[in-house]
Each structure stands twice: as C-alpha cells, then as structure tokens.
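# Observations on chain architecture
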Amino acid sequence: MDIRVNSEIGKLNGVILHRPGIEIERMTPENIHNALYSDILNMDIAQREYALFEGVLHTYTQVFYVTDLLAKILQDEQLKRQIVCDVCERYQLNIQSSLLDMPIEALAHVLIEGYAINKHQYIIPPLYNLFFTRDASVSMLNRVMINKMKFNAREREPYLMQKIFQYYFHASTFQVSVPAVNIEGGDVLIAREDVLLIGNGCRTSREAINVLVEHLKGTSIKHIVVQQLPEKPDSFIHLDMVFTFLDKNACMCYQPLIALPSQYTTTHMDLESGKIEEKTTLLEALQSLHFELQPIFCGGDDLWNQQREQWHSGANFFVLEPGKIIGYQRNIHTIQALQQQGFDIVEATDVISGKDNIDKHQRCVVTLPSNELPRGGGGARCMTMPINRENVIW
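An account of the accompanying structure is given in this report. (Residues numbered from 1 in each chain as written. Predicted model: local features only at pLDDT ≥ 70, side-chain atom pairs only at ≥ 80, totals over all residues. Heavy atoms only, no water.)

### Description of the packing of helix α3 (residues 77-90) against helix α6 (residues 156-167)
For the pair α3 and α6, interaxial distance at closest approach is 12 Å and the crossing angle is 165°. On the basis of their axis angle, the class for α3 and α6 is roughly antiparallel. Relative to α6, the crossing made by α3 is right-handed. When α3 is examined against α6, the residues Leu79, Gln82, Ile83, Asp86 and Val87 are found in contact with a partner set consisting of Arg156, Tyr159, Leu160, Lys163 and Tyr167. Per-class residue counts for the contact of α3 with α6 are 6 nonpolar, 1 polar and 3 charged. (Axes fitted to C-alpha atoms, helices over the stretch in contact; angles between N-to-C directions. Helix = DSSP H or I, 4+ residues; strand = E, 2+ residues; numbered from the N terminus. Parallel < 35°, antiparallel > 145°, perpendicular 65-115°, else oblique. Left-handed = near helix turned anticlockwise from the far one by under 90°. Contact = heavy atoms within 4.5 Å. Nonpolar A, V, L, I, M, F, W, Y, C, P; charged D, E, K, R; others polar.)

As structure tokens, this is what we get:
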C-alpha cells in the first residue's frame, strides 16, 4: 500500500495499530512515571475495550499490526541482524546470539515487550506506550516523517517504525534528528495538502518545527500554524488532545485554549513569503486559510465538564471519512454536543455485529466503551497511524 495522507479527514484506506499487550502489565508503581503513565492499566479490561476499537476498523478499512509487520521484515536475515545489533548497542548488551537464535515471532515480541533477566529486571525495556501508534511517525503527503521522541522510554518506537516503513512499505522516510530537538505525531495534524498544524508543548519543541520547515521546502505544504500548549496538566501533552478535525466544516476542540483568546500563542507561518503572523486563536488562523469550521466543544458549553472530559481525551477523535468519526463513549457531554450538531450516535458493538452500518449515516460518531483505555492518556486518534487516505475536494 502506498503512503498517501493529504488531510485528517480523507476516507481511510489503511491504518497501523498495536494491540496493548503484556508490556503494559510490566508497569509497577516504581517505574510508572518513567513509563510516562499516571496510573497502572488493567491489561484484560484494556484489551477488551481495544478489541471493539479494532473491530470497528476491521469492518471499514485495511488494518496492519506493528508486531506482524516487524515479524515480516525480520525474515530478512541481514536486516534482523542489523536490528538486533542496533538494539544491543543502544542498551550496551552482549546478547546478540541469544536474540538471533530466537524464532522470528518471539524476537518480534521481545523487541516490543522487553527482555527480562528476572521477573523484575528488563535489560531491554518494554515499549509501554506503543499502542499509541500515532506518535513515533507521521504519514505526511507521500512520505513518512520518523519522529524524535521527547523521552528515552519511547526512543525505540521510531527506530522500529522506520524499519517497517522502509522495508515493508518501501516508503520514503525523513527524520527530524538534530540533537536536542523533539517532535511527536500527536502534535502534527495535516489540515489540508497545503496546511500543517503543529502543537508546540512539552513533547514538540520550537526548534524541531524550524527544522521541519526545511524538510517541507519543495512540497505542497505552504502554511504552518503553530499552537502553543500548556506544559501542565498531562492531558495537554499533544495538540490532538485539544483539537481534531471531524469534517470539512466541523472540528472538535477544547474551547478555553482553541476558541478563546489565551496566554498561549497561535502563529501562522507562510513558507512562501516567509511572513510570520500571530493570530488570536487557532480557529481564527484556520479561518484566514479558508477553513469554515463549526467548532464543537469537548465537554459541551460548561467549563467544569470541558475540563473533566478533556482530561479523558474528549477532544481526541479519529476520522474514518468526512463526518464519520470514532471516540470514547465515556465523555457524555462531548457526545451530546456532537449529537446536537447532527452526528448520529452509533455503538461500536452494533457496527461489529452488523446491526448498524456506518454507510447508513450522513454523519455519525462511533462510540467506544472506555473505562480503562483513557487512563493511558490518549484517545482514538492517538491509537491510530493512518497510512493511506483518499484525497478530499475542499
């Protein structure tokens, strides 16, 4: 499948997922903060909820899994040896022979779930955050940007994703790899083939944005809108936690930051003229670029509900096609706000069973049972890495 993503809302043709596995049960109160979590997840409950999420996607599009893709490229003996040697060098280990002697499927799992010398000590740490496949890479137009993660706990993710994109999808990749910069996929939204939105917060630095501008020269992207984000609380980790597109004329946002003037800057960079202009809000910046968006507020109109539901990824929706989205059921005021704007409410179980069909609806939100997954700190957009979308005629 070719890499082609020119917007956030084009009809989805392919997506990469990672089902949360044993790696999330390898967190303890002692390592939870190093693993970048604020709570310990129950794997059984998280997997049951995730099964509904992936079940909906299976009814709609082609789904790829990181573990399966990794196992396929590891069949190349030379590449397998390179990956094993690189990982051992990174962690200063001398276990190459042990890893190379493993069956391919087992090795793929070790590279994700970690390698233990006893029940409590992992010399290759688990990738606790991998089910948030959005962050390590970005499908951007017909290339893939391999990201530079903020924390060491996630640095192996972009390495593995780069190998998958290069050797399975044969994709063109590039890296923002200058030392001391960082950029993550939750902060990068492709608004249109000529417009990129980027969050500038605790995971994506201004320096990285400047480096990215150099990579975008000669592409169709002519405008970058940078939204500054609060450093705290943790729910503001990425731009997609406060803003996501829903349709050609609708978006979901956290009103206090995105729709109202605040202390956090919004900057429009015109890459052709070199002009940089501050805007009052992100919505104003988008309007100046000819987006006529009806904002729907995470949590509805009440500030108390907005704060509570933004904490549990109430603004983080994933678009299947224009006007057809998927997100967490638990954010009831957000779901009600969508319903008031003409989105039909469709339960994930009904889509999977065939009782309901997304194609029947002009606009709809597929709702996911969500008691455990939101405690990981991300939503439906966070858990997806789209690789191919149809072009949108604006």
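### Quick notes on the nonpolar core
Judged by nonpolar contacts, the single largest core of 41 residues is most densely connected at Ile16, Leu70, Ile83, Leu99, Phe165 and Phe169. Within the residue set of this core, elements represented by two or more residues are α2 (66-73), α3, α4 (96-100), α5 (104-113), β6 (143-146), α6 and β20 (385-389). If near-sequence neighbours (up to four positions away) are discounted, phenylalanine 165 is found in contact with Ile3, Ile16, Ser137, Val144, Ile146, His170, Ala171, Thr173, Met385 and Ile387. Residues Leu246, Phe297, Ala315 and Phe343 belong to the second largest nonpolar core, which totals 40 residues. (Core = buried A, V, L, I, M, F, W, Y, C linked by side-chain atoms within 4.5 Å. Buried < 20%, exposed > 50% of the residue type's maximum accessible area, 1.4 Å probe, protein only.)

### Digging into the packing of aromatic side chains
We describe a pair of aromatic rings using the distance from one ring centre to the other and the angle between the two ring planes. Here the structure, examined in full by the defined rule, presents 10 aromatic pairs. When the ring of phenylalanine 64 is compared with that of phenylalanine 169, the centres are 5.2 Å apart and the planes differ by 75°; the resulting orientation is edge-to-face. Linking phenylalanine 64 in strand β2 (residues 62-65) with phenylalanine 169 in the loop between α6 and β7 (173-175), this pair joins segments that are 105 residues apart in sequence. Both residues of the pair, phenylalanine 64 and phenylalanine 169, belong to the buried class. (Phe/Tyr/Trp six-rings, centres within 6.5 Å; stacked < 30°, edge-to-face > 60°.)

### What to know about the sheet that holds strand β8 (residues 188-192)
Where strands meet in a sheet, backbone hydrogen bonds hold them as pairs that are either parallel or antiparallel. In spatial order, the strands read β8-β9-β10-β13-β14; together these 5 strands make up an open sheet with mixed pairing. Edge strands, defined here as strands with exactly one partner in the open sheet, are β8 and β14 (276-279). Strand-to-strand twist in this sheet, taken as the mean axis angle between neighbours without regard to direction, amounts to 25°. (Pairing = 2+ DSSP bridges.)

### Remarks on the sheet that holds strand β15 (residues 294-297)
Read across the open sheet, the 3 strands follow the order β11-β12-β15; overall the sheet is mixed. Looking along the sheet, the strands with just one partner apiece sit at the ends: β11 (243-247) and β15. Averaged over all adjacent pairs, the angle separating strand axes in this sheet is 30°, with direction ignored. Summarising the sheet, β11 and strand β12 (residues 250-253) pair through 4 bridges and their orientation is antiparallel. The residue of β12 that forms the bridge with phenylalanine 243 is cysteine 253. Against the sheet, helix α11 (residues 332-340) makes contact with β11, β12 and β15, and its axis sits at roughly 150° relative to β15, the strand it touches most.

### Focus on the pattern of salt bridges
Per the stated rule, a full pass over the model turns up 16 salt bridges. Among the ionic pairs, glutamate 8 bridges to arginine 381, the shortest N-O distance being 2.9 Å. One end of the pair, glutamate 8, is in the segment before β1 (12-17); the other, arginine 381, is in the loop between β19 (364-368) and β20, with 373 residues separating them in the sequence. Since its relative accessible area comes to 10%, glutamate 8 is described here as buried. A residue is classified by how much of its surface remains accessible, and arginine 381, at 1% relative accessible area, is buried. As a salt-bridge pair, arginine 375 and glutamate 372 come within 2.5 Å of each other at their nearest N and O atoms. Among the charged side chains, a network of salt bridges with common partners joins Glu8, Asp240 and Arg381. (Salt bridge = Lys/Arg side-chain N within 4 Å of Asp/Glu carboxyl O.)

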